Amino acid sequence: MEAEFDIAGLARAALDARDRAYTPYSHYTVGAALLTAEGDIYQGGNIENASYGATNCAERTAIFKAVSEGRRWFRAIAIAGGMEGQEPVDYAYPCGICRQVMKEFAGEDFRVIVAKSAADYRMYTLEELLPHGFGGSSIR
């Protein structure tokens, strides 16, 4: 699966976004870097809340930032996560809710990159991570 964008740069942006995560409870920081169709990158970190259900994932933080600024179509997202103050030791995959939010704005060429570093990553299509997903056309 070949990508027509800087995968390592997007992974670095996700790793950098971890530094701004707010994780006073789990201390598990996640960063995401979202690449728009226009070539802009929006970063997001996970934001925890004492009411755990009010917590927001890094992926949705990045997507909601982009959507709130008028962006509606995305090419890729890179995600990196690990314990606060430590380099990632495993790949951080998006949760089901984040996968569904991605589906709302992603075309068939959208890529999800899970990274431990800029050089150590795995790349997937959204269909691979959310088989049989549904979008707006399914409910019209």
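Refer to the structure above for everything that follows.
Presented here is a report on the structure given in the accompanying data block. Predicted model, so just to flag it, every value in this text is computed and none were measured. (Residues numbered from 1 in each chain as written. Predicted model: local features only at pLDDT ≥ 70, side-chain atom pairs only at ≥ 80, totals over all residues. Heavy atoms only, no water.)

On the surface, Glu4, Glu108, Asp109, Glu127 and Glu128 cluster together to form a negatively charged patch. Classification of Glu4 as exposed rests on a relative accessible area of 73%. (Patch = residues over 30% accessible without salt bridge, like charges linked within 9 Å, V, L, I, M, F, W, Y side chains within 5 Å. Areas by Shrake-Rupley, 256 points an atom, 1.4 Å probe, with all protein chains shown as cover. Salt bridge = Lys/Arg side-chain N within 4 Å of Asp/Glu carboxyl O. Lys, Arg positive; Asp, Glu negative; His and termini not counted. Charge placed at Lys NZ, Arg CZ, Asp CG, Glu CD. Buried < 20%, exposed > 50% of the residue type's maximum accessible area, 1.4 Å probe, protein only.)

A few words on the pattern of salt bridges. Per the stated rule, a full pass over the model turns up two salt bridges. A salt bridge links Arg71 to Glu38; the nearest nitrogen and oxygen atoms lie 3.5 Å apart. With Arg71 in the loop between helix H2 (58–68) and strand S3 (74–83) and Glu38 in the loop between strand S1 (28–36) and strand S2 (41–45), the pair connects residues that are 33 residues apart, well separated along the chain. A relative accessible area of 22% means that Arg71 is categorised as partly exposed. (Helix = DSSP H or I, 4+ residues; strand = E, 2+ residues; numbered from the N terminus.)

On the surface, a nonpolar cluster with roughly 460 Å² of combined accessible area is contributed by Tyr22, Tyr25, Ile47 and Tyr52. Structurally, Tyr22 is set in the loop between helix H1 (7–17) and S1.

The next thing to look at is H1. Given 3.6 residues to a turn, an α-helix orients residues that are three or four positions apart in the same direction. For H1, the buried fraction is high: eight of the 11 residues fall into the buried class. Of the positions making up H1, those classed as buried are Ile7, Gly9, Leu10, Ala11, Ala13, Ala14, Leu15 and Ala17. In this fold, the buried residues of H1 make contact with S1, S2, S3, strand S4 (106–115) and strand S5 (121–125). (Contact = heavy atoms within 4.5 Å.)

The next point concerns the sheet that holds S1. Read from one edge of the open sheet, five strands run S2-S1-S3-S4-S5, paired in mixed fashion. The sheet is open, and its two borders are formed by S2 and S5, each paired with just one other strand. Neighbouring strand axes in the sheet, compared pairwise and without regard to direction, differ in orientation by 20 degrees on average. Bridge analysis of S1 against S2 gives five bridges, and the strand direction is antiparallel. The residue bridging Leu35 from the neighbouring strand is Ile41, located in S2. (Pairing = 2+ DSSP bridges. Axes fitted to C-alpha atoms, helices over the stretch in contact; angles between N-to-C directions.)

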